[in-house]
Amino acid sequence: MDYFEYKDDELYCEDVPVSKIVRKTKTPVYIYSYRTLERHYRVFNDAFKEIPHTVCYSCKANSNIAILKVMGRFGGGADIVSQGELYRALKAKIPPNKIVFSGVGKTKDEIKAAIAAKILMINIESEAELHMIADIGSTMKVTVPVSIRVNPQIDPKTHPYITTGLKKNKFGIVWEDALKLYREIKGMEYLSPIGISSHIGSQILELSPFIEAVRSLKKMAESLSEMGINVKYLDLGGGLGITYNDELPPHPDEYAKVIGKELKNTGLHIILEPGRVLVGNSGILVTRLLYVKTSPGKVFYIVDGAMNDLIRPSLYGAYHQIIPVQKKNGKDGFVKVDVVGPVCESGDFFAKDREMPVVKAGALLAIKGSGAYGFSMSSNYNSRRRVPEVLVRGKEFFVIKKRETFKDLIKGESIPYFLEAD
Ligand code: LLP
């Protein structure tokens, strides 16, 4: 359920016509719905109301500080993977004791900054990192709260899909090694093992991998308890999928129910790191059709948005619904098209061989499901300025990020003196 709907054949975001926003911002533009964000957050958070938990929104999905502020407003924390995301989360006044730090390659400076900010915990992803954090803690004379990110041990016969991920994955630490490291941490003055964490993947559409993972983490908590380590937190990561086309992901209630069933009476506090499920369907990318180009056997809708603005179709072959902002009702028929952008790459497309309503140059198209991993993965490739972002709330709309200027494009660049003379 989202708040992008047609009223009188005109696409609205909440109570604002999309075309009205475009008149102000031009295209391409990302538009997010506050009410959808609120609804998604509440549905997700309420699903876990029976279990002690913290929702640490995964900033990488959409890290605009206004979006982070929305999450913080509803009580959310943050899952960060870099000092940049730490900076953003703190700017948005996310309480540090609701921030968790994952990532396989945290630098010394990033670890120091996280410790100085007094975040809830750092999720350790390797033995070498463990020692690095312990050294930094010792220098700073701070006992650092940590968890180990575990690759859940799942029977290969029952879940080969996940096990493949387990073996080839650069993330986390396998079960036996994790136990060994927890034992080591126990004797360390500057590390405090307060949790166990995991993240098994993204856009997951079934419950069974989550059940397997949570069982595995629970077993780990029990083993640790036998070793005299009583962790408080189980960080289950993110990964719950959404509907882009016809997928049927589990409802957060079902997800919470199976987790609750596994963890009842354990006294463990759950940390969840949802990204996509909170913001994915809260955003659209609006682009304008520049040209309709026909070549033998092919029709192209060439639009002003491109892979640098939304890379998911190019990078993952991801499906995003594309709908006209002025509804066509099939009046002018349909045509099979490739929706492509102006970037000089054959991979620059939003859809291939897609049945679309016939529209004329100048029409506005909305690319749905673009709230997660849309703007946050955008770039300046082809020296295209990054696009504005707008947050709609009821009848009001706010530009929460301006379109970059040409000056922004060359910010920080300089010409060495020996070239200046030319
Ligand atoms: N926690 C950790 C440690 C993660 O690595 C991720 C996502 C999340 C939480 C949030 O996962 P979510 O709830 O959003 O599935 N760019 C890709 C998705 C990459 C996900 C990376 N990690 C895409 O556009 O589909």
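These numbers were taken from a predicted model, which means no experiment stands behind them. (Residues numbered from 1 in each chain as written. Predicted model: local features only at pLDDT ≥ 70, side-chain atom pairs only at ≥ 80, totals over all residues. Heavy atoms only, no water.)

A.B. asks: Please give an account of the site of the ligand that cites residues and values.
C.D. replies: Residues in contact with the ligand amount to 18 residues; listed here are only the nearest, Ser202, Glu273, Arg312, Tyr316 and Tyr373. A distance of 2.8 Å separates an oxygen atom of the ligand from a polar backbone atom of arginine 276. Contact distances for the ligand include 2.7 Å between a nitrogen atom and a side-chain N or O atom of tyrosine 316. Three or more residues apiece are contributed to the shell around the ligand by two domains, here domain 1 (4-31 + 280-409) and domain 2 (34-276). (Near = heavy atom within 4 Å. Polar contact = N/O pair within 3.5 Å; in protein donor to acceptor, adjacent residues only side chain to side chain. Domains from an automatic or database assignment.)

A.B. asks: Explain the pattern of salt bridges to me, and be specific about the residues and the numbers.
C.D. replies: Under the defined criterion, the tally for this structure stands at 15 salt bridges. In this structure, aspartate 2 engages lysine 368 in a salt bridge whose closest nitrogen and oxygen atoms are separated by 3.9 Å. In this pair, aspartate 2 sits in the segment before strand 1 (4-7) while lysine 368 sits in the loop between strand 19 (364-367) and strand 20 (389-393), placing the two residues 366 residues apart along the sequence. You'll find aspartate 2 and lysine 368 in the same group, each marked buried. Of the charged contacts, one joins lysine 298 and aspartate 353 as a salt bridge, the two residues approaching to 3.0 Å between their closest N and O atoms. (Salt bridge = Lys/Arg side-chain N within 4 Å of Asp/Glu carboxyl O. Helix = DSSP H or I, 4+ residues; strand = E, 2+ residues; numbered from the N terminus. Buried < 20%, exposed > 50% of the residue type's maximum accessible area, 1.4 Å probe, protein only.)

A.B. asks: Lay out helix 9 (residues 208-226) with the relevant residues and their values.
C.D. replies: The terminal C-alpha atoms of helix 9 lie 27 Å apart, and with 19 residues this matches the ideal 27 Å at 1.5 Å per residue to within 8%. Of all the residues in helix 9, the buried ones are Pro209, Phe210, Ile211, Ala213, Val214, Ser216, Leu217, Met220, Ala221, Ser223 and Leu224. Phi turns positive, to about 85°, at glycine 228, one or two residues after helix 9. (Expected span 1.5 Å × (residues − 1).)

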